[in-house]
Amino acid sequence: MKHSIILVGADKGGVGKTTLSRALLDYLERNNVLARAFDTENPRGTLHRFYPARATIIDLNNVADQMRILDTMDSASEQVTVVDLKAGNLSSALDIFDRIGVLQAARDEEFNLGLLHVVGPSIASLDEMNEVAKYTNGMDYVVARNFINETNFFEWDEATYSKYFARLPNAKEIEVPKLNEMAYEQVDLAGATFSDFIANKTAKGEDGNFSFVLRGYVRKWLRDIDQQFGELDMIKSIMAAKRSNASGDS
Amino acid sequence: MEGSLAQDSQTPEQEQTIASATIVCSDCPRNGKTLFAKLATDILTLRTGRPPTIFDTDEPDGGLIHHFPDAGQIVDLSKTTAQVALFDGMLERIDSHFMIDLSARHFSPFFQIYRDIDFQTGAEECGLEVSIFFIIDRTEASIVAAAELCASLPRTRFIPVRNEAIGDALSVGKSADIFAGMRVDREIILPELSAEAQGMAEHVDFHFDSFIAGKYDHFPFELKAELWGFLESLYEQRDSVETGSTHPL
């Protein structure tokens, strides 16, 4: 089975990259897809806080760390690598990957490469999409409009956004729905994965005492976002490969 | 005339301890919802020996809570903390009864939350029996709202209430056809009261459980007879399964 790398990034901070990475890892786990993660928010590592066993903190400018992602794909037991890119590092990360031949290797179909580009409500996010477009040939490019910690207010209007979006060849789009603020805070405080929080389990796997209402909000939010993940080509191909592997094994 | 009502007043200790949540709601205001909630609260008090915990969603003024000032609280459902207090509160106190007087403006948001958090499953896991009493207003839109709510919560006990004081809810447009197509556990018809009896029933110092217990013997005979008739009419609408249960009506 061909390995898949999914980059999650944005050039603006605070738009929900790590939240989306967490939701994605959660989705893959619930669908029995083995995934590893790299957290480039060096040295702190927000993703690592929620997935201490699965997410490795790396410095993407460090060659050794680049090798940890790219040179271990074939030997890794996991079929999927999720890379949560540090805030403001999307363009530079893509530039690094371009220079070291990663993007070309993806175009040559040595592995699958996807990019979840999280955009916030600012005009700057539209310019980011333009900036990123030059790298997206050969990868599954998905614009993730993030409503999670905002209201429905976006600085840009739909017509303007549509014009920008139309310029992106083969781009797909998802919307990260709004999650109740208190529910979001509670999960954050708990340091648990979304799935564990819903199951009323703490980060240590012990029985939790989380609110039914807040767990319900997270369950609904995750269900909505799962549905959108399930419609993405990059996810479909991962699932198809998993099914194919499973039938081959049996 | 007073047989079944008097029997209820004498046997609170025999009630099952199963928890219940009664939601009294309507998509429209001012159609007798709070009076019905008061009646249901009084009868539940009569059966269980203590008033249910009340959540009055008519924030900030309150409606039902004025009739039972010590039995609950006004909650502002637009706040997550209040939603937690209400829904989590019901699941955590598994030996209690709850009465929710749902204001018309919170009707849609409340049931959106109810569905979003899958409260019905939580209630089933905790042994909490939820009943929805929907007061149908005299518009086709109200019947449609009732039918949609009923269809969206197939595992929740749903009882439409027709208040004769506001007219025949089924005489408008296609209301009767829509009503006939609804899955309902049963329906309640709330008889119309005279202005005097209505005024008494709505007075904060009047309670149906006290009335059944004979605490208003000084009332004029005609008024007492009318109130007894009103209550008997409601009791006669219960089916045999509900008699003696912790369902309020």
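Everything quoted here is computed from the prediction, not taken from an experiment.

To continue, consider the overall build of chain A. Within chain A one finds 11 helices and 7 strands. Per-residue burial for chain A yields a buried fraction of 52% across its 250 residues. Across chain A, every contact between residues at least 6 apart in sequence was considered, and the portion connecting residues at least 24 apart equals 74%. Summed over its atoms, the accessible surface of chain A is roughly 11,200 Å², and 46% of this surface lies on carbon and sulfur atoms. Here chain A contributes 28 positively and 37 negatively charged side chains, and the mean placements of these two sets differ by 3 Å.

Contact residues are listed per partner, giving 11 residues for chain A and 13 residues for chain B. Carbon and sulfur atoms make up 65% of the surface buried where chain A meets chain B, a total of about 1,000 Å² over both sides. Area buried by chain A at its contact with chain B is led by Phe212(A), Val213(A) and Tyr217(A), which between them contribute 54% of it. For the interface between chain A and chain B, the tally reads 6 residue pairs in polar contact (both at pLDDT 80 or more).

Further remarks concern the sheet that holds strand β4 (residues 80–84) of chain A. Across a sheet, strands are paired by hydrogen bonds formed along the backbone, either parallel or antiparallel in direction. All names here are of chain A. Spatially, the 7 strands line up as an open sheet ordered β3-β2-β4-β1-β5-β6-β7, and their pairing is parallel. Pairing within the sheet leaves two strands with one partner each, and these edge strands are β3 (55–57) and β7 (172–176). Strand-to-strand twist in this sheet, taken as the mean axis angle between neighbours without regard to direction, amounts to 20 degrees. Of the strand pairs in this sheet, strand β2 (residues 35–39) and β3 are connected by 3 bridges, and their pairing is parallel. Bridging from a neighbouring strand, Phe38 pairs with Thr56 of β3. Contacts between helix α7 (residues 158–166) and the sheet are confined to β6 (140–146) and β7, with β6 contributing the most and set at about 165 degrees to the helix. Sheet strands in contact with helix α10 (residues 212–229) are β5 (112–119) and β7, and its direction is about 180 degrees off that of β7.

Its location among the elements puts Glu231(A) in the loop between α10 and α11 (233–249). For the pair Glu231(A) and Lys172(A), spaced 59 residues apart in sequence, the C-alpha separation works out to 9.8 Å.

This part is about the sheet that holds strand β1 (residues 19–25) of chain B. Residues and elements named next belong to chain B. Taking strand neighbours across the sheet as the criterion, the 7 strands line up as β3-β2-β4-β1-β5-β6-β7 in an open arrangement whose pairing is parallel. Looking along the sheet, the strands with just one partner apiece sit at the ends: β3 (72–74) and β7 (188–190). Along the sheet, successive strands turn relative to each other by an average axial angle of 20 degrees, direction set aside. Together, β1, β2 (53–56), β4 (97–101), β5 (128–136), β6 (157–163) and β7 form the strand contacts of helix α2 (residues 33–48), whose direction differs from that of β4 by roughly 170 degrees.

Parameters at a glance
Residues numbered from 1 in each chain as written. Chains lettered and ligands numbered in written order. Predicted model: local features only at pLDDT ≥ 70, side-chain atom pairs only at ≥ 80, totals over all residues. Heavy atoms only, no water. Helix = DSSP H or I, 4+ residues; strand = E, 2+ residues; numbered from the N terminus. Buried < 20%, exposed > 50% of the residue type's maximum accessible area, 1.4 Å probe, protein only. Contact = heavy atoms within 4.5 Å. Areas by Shrake-Rupley, 256 points an atom, 1.4 Å probe, with all protein chains shown as cover. Lys, Arg positive; Asp, Glu negative; His and termini not counted. Charge placed at Lys NZ, Arg CZ, Asp CG, Glu CD. Buried area = accessible area lost by both parts, 1.4 Å probe. Polar contact = N/O pair within 3.5 Å; in protein donor to acceptor, adjacent residues only side chain to side chain. Pairing = 2+ DSSP bridges. Axes fitted to C-alpha atoms, helices over the stretch in contact; angles between N-to-C directions.

Just geometry here; none of it tells us what the structure is for.
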